[in-house]
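If you want the building blocks of each chain, they are given just below.
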Amino acid sequence: MTSHNNELYQNRIMAVRQQLDTWGVDGVLISSPSNRRWLSGFTGSNAKLLLTKDAALLATDFRYWEQAAAQAPDFTLFKHQRRAEDDAAFFTAVSATHIGIEANHITLAEFERLQKATSHNWVSLAETVEPLRQVKTADEIATIAAAAAITDQAMAQVNTLARPGMSEQELAWILERTMRELGADEMAFAVIVASGPNAALPHHHPGERVLQAGDTLIVDMGAALHDYKSDMTRTFYLGNEPDTQFWTIYNLVLAAETAVLTHAKPGMNTKEIDALARDPITAAGHGDHFGHGLGHGVGLDIHENPFLSHLYEGKPVTAGMTVTVEPGIYIPGWGGVRIEDLCHVTDNGLESLSHCPKTPIIPC
Ligand code: ZN
Ligand code: ZN
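Residues numbered from 1 in each chain as written. Chains lettered and ligands numbered in written order. Predicted model: local features only at pLDDT ≥ 70, side-chain atom pairs only at ≥ 80, totals over all residues. Heavy atoms only, no water.

Focus: the overall build of the chain
- On a plain count of helices and strands, the chain comes out with 12 helices and 20 strands.
- Burial analysis of the chain (364 residues in total) assigns 54% to the buried set.
- Contacts in the chain between residues at least 24 apart in sequence constitute 66% of all its contacts with a sequence separation of at least 6.
- When the accessible area of the chain is evaluated, it comes to approximately 15700 Å², of which 53% is carbon and sulfur surface.
- Measuring between centres, the 26 positive side-chain charges of the chain sit 4 Å from its 44 negative side-chain charges. (Helix = DSSP H or I, 4+ residues; strand = E, 2+ residues; numbered from the N terminus. Buried < 20%, exposed > 50% of the residue type's maximum accessible area, 1.4 Å probe, protein only. Contact = heavy atoms within 4.5 Å. Areas by Shrake-Rupley, 256 points an atom, 1.4 Å probe, with all protein chains shown as cover. Lys, Arg positive; Asp, Glu negative; His and termini not counted. Charge placed at Lys NZ, Arg CZ, Asp CG, Glu CD.)

Below, the structure is given as C-alpha cells:
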C-alpha cells in the first residue's frame, strides 16, 4: 500500500466541493465503498463520508478508528457506534440543509433510518464521484497495470492447464489459485470458465461440465490489487483442428477487437468506439449475436464509467481512462468467442495493458 498522498486527496475533496452547487446540495453523504475509498483513502468495510464546503467527516465504528485516522487524515474522524443518536449527532455536526445521497448505493432501510434521524432534505443523486473517478492518476494506472500483469501470467498458463476430463470448476479454481500465488489480493470477480455450448452464455458460472476435445473454451478473469481491478478474456479451442465455423467467428471477433485497438482515439465518443467493433460484426450477419456493449471502465470497480456501448448516449472518451475492449459473438447451441483486453487511453489512442498472446489452439 502506497503512503497517503495528501495533495491528491485534497484535490479530490476540492473537486467534489465544486460539484455541490450543481447537485443542488450543501453537503453530500458518500457511502459506497469504492467512492469513499477514492475520496478518502479509507479501505475498511464500514464508513460514511460527509462532505460540505467547510467540513470533511468520516464516521466509522470502533473496529476502524485507528485505521481511519491513519488512512484518511484529510477527514475528521467521527466515532459512530451505529446508534440512532449517533446518526443525529453526525448530520447535525455540519451546517447543511440539503444533503445529497447516493441513490444507487443506499438501501431503502438506510434511507428510512436517515429520515428518522434528522430533518434534513435528502437529495437523490444518480452519481457523485463516479465521473471524477474515470480519469486515473499515473499511480492508479500503474496499480491496474500490475493487476493486469498478474492476470496475463495466469492466462498464459491456460494452454497447458486446460485438459479434457477436467471440469470448468476445477480449471476456475486452479486459475484463481495461480493468480493468488502471483500476488493478487483477491479476484476482481469470480473466474468465468465456459466450455462447449456454455460458451454461448457471456457470464456463465463455471459448473461441473467436463472439458472435452472439440470444445470452445472462454476464460474471463481478473486479479485485484490494492482494491484496483483488472479484466481479460481469451477464447481457446481444445483440439488440433477446429472446424471452419470456429475460425470464421474467432477471426471476425479478433478483427473487430483489433479495429478498436488500432483506431479508437481520445475525443471519440463511447458509441463511435463501440461501432468500430459492432459494424464489421453486423456486416458479417452476427449483429444479433453481439448483445452486450463493447467494454467498460475498470478501476476500483470492475464495471465503472465509461461504458462503451451502443445502448447509451455517447460520451467523449479522454486520456487517462482505463477501458476494456471485449467484442463477442454468441451462438446458442454452438458456443461463443469473446476476446477482451484492458486498455489505457493515452493522448494517441489505446495502449493495451493486457499482453497475453491470442493463440487459441490447445493441442490435445
Ligand atoms: Zn471480462
Ligand atoms: Zn469486462
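Next comes the rest of the description.
Quick notes on the packing of helix 1 (residues 6-17) against helix 3 (residues 33-40)
- The interhelical angle for the contact between helix 1 and helix 3, taken along N-to-C directions, is 120 degrees, at an axis separation of 7 Å. In terms of axis orientation, helix 1 runs oblique to helix 3. Contacts from Tyr-9, Arg-12, Ile-13 and Val-16 in helix 1 reach Arg-37, Trp-38, Leu-39 and Ser-40 in helix 3.
- Classifying every residue of the contact of helix 1 with helix 3 gives 5 nonpolar, 1 polar and 2 charged. (Axes fitted to C-alpha atoms, helices over the stretch in contact; angles between N-to-C directions. Parallel < 35°, antiparallel > 145°, perpendicular 65-115°, else oblique. Nonpolar A, V, L, I, M, F, W, Y, C, P; charged D, E, K, R; others polar.)

Re the domain arrangement of the chain
- Segmenting the chain into domains produces domain 1 (6-132) and domain 2 (138-362).
- Here domain 1 and domain 2 have C-alpha centroids that lie 35 Å from each other.
- If you look at the interface, domain 1 gives 8 residues, while domain 2 gives 7 residues.
- Interface area, domain 1 with domain 2, both sides summed: about 550 Å², of which 35% is carbon and sulfur.
- In this assembly, domain 1 and domain 2 are joined by 2 salt bridges.
- A salt bridge links Arg-12 to Glu-140, with the nearest nitrogen and oxygen atoms 3.4 Å apart.
- Between the two partners, domain 1 and domain 2, sit 5 residue pairs in polar contact (both at pLDDT 80 or more).
- Those elements giving two or more residues to the side of domain 1 that touches domain 2 turn out to be helix 3 and helix 7 (130-133).
- Of the residues forming the side of domain 1 that touches domain 2, the biggest block, 3 residues, is contributed by helix 3. (Domains from an automatic or database assignment. Buried area = accessible area lost by both parts, 1.4 Å probe. Salt bridge = Lys/Arg side-chain N within 4 Å of Asp/Glu carboxyl O. Polar contact = N/O pair within 3.5 Å; in protein donor to acceptor, adjacent residues only side chain to side chain.)

So, the nonpolar core
- Membership of the largest hydrophobic core comes to 33 residues, with the highest contact counts inside it found for Val-28, Leu-39, Leu-51, Leu-58 and Phe-75.
- Of all the secondary-structure elements, those providing two or more residues to this core are helix 1, helix 2 (20-23), strand 1 (27-30), helix 3, strand 2 (48-52), strand 3 (56-60), strand 6 (121-125) and helix 8 (138-155).
- Residues from two domains meet in this core; each of domain 1 (6-132) and domain 2 (138-362) gives at least three.
- Not counting residues within four places of it along the chain, the set of residues in contact with Leu-51 comprises Ile-13, Val-16, Arg-17, Leu-20, Asp-26, Gly-27, Val-28, Leu-39, Ala-56 and Phe-75.
- Grouped together as the second largest cluster of nonpolar side chains are 28 residues, Phe-246, Met-321, Val-345 and Leu-350 included. (Core = buried A, V, L, I, M, F, W, Y, C linked by side-chain atoms within 4.5 Å.)

Some details on the packing of aromatic side chains
- Applying the stated rule across the entire model yields 10 aromatic pairs.
- Ring centres 5.5 Å apart and planes at 75 degrees place the aromatic pair Phe-246 and Trp-247 in the edge-to-face group.
- Looking at Phe-246, the relative accessible area reads 1%, which means it is buried.
- Taking 5.5 Å as the distance between ring centres and 25 degrees as the angle between the ring planes, the aromatic pair formed by Phe-246 and Tyr-250 counts as stacked. (Phe/Tyr/Trp six-rings, centres within 6.5 Å; stacked < 30°, edge-to-face > 60°.)

Let's talk about the side chain of Asp-341
- Take Asp-341: it is sitting in strand 18 (residues 341-345).
- Take Asp-341: its relative accessible area is 1%, and that puts it in the buried class.
- Within the structure, Asp-341 has its side chain in polar contact with the side chain of Arg-234 (distance 2.9 Å).
- Residues contacting Asp-341, with those up to four places away along its chain left out, are Asp-231, Arg-234, Glu-257, Leu-261, Val-323, Thr-324, Val-325, Ser-352, Ser-354 and Lys-358.

Re the sheet that holds strand 5 (residues 98-102)
- Spatially, 6 strands are ordered 4-3-2-1-5-6 in an open sheet, and the strand pairing comes out mixed. With partners counted over all chains shown, the strands left at the sheet margins are strand 4 (76-79) and strand 6, one partner each. Recorded for the sheet is a direction-independent mean angle of 25 degrees between the axes of neighbouring strands.
- Note that strand 3 and strand 4 share 4 bridges and pair parallel. By the bridge assignment, Ala-59 is partnered in strand 4 with Phe-78. (Pairing = 2+ DSSP bridges.)

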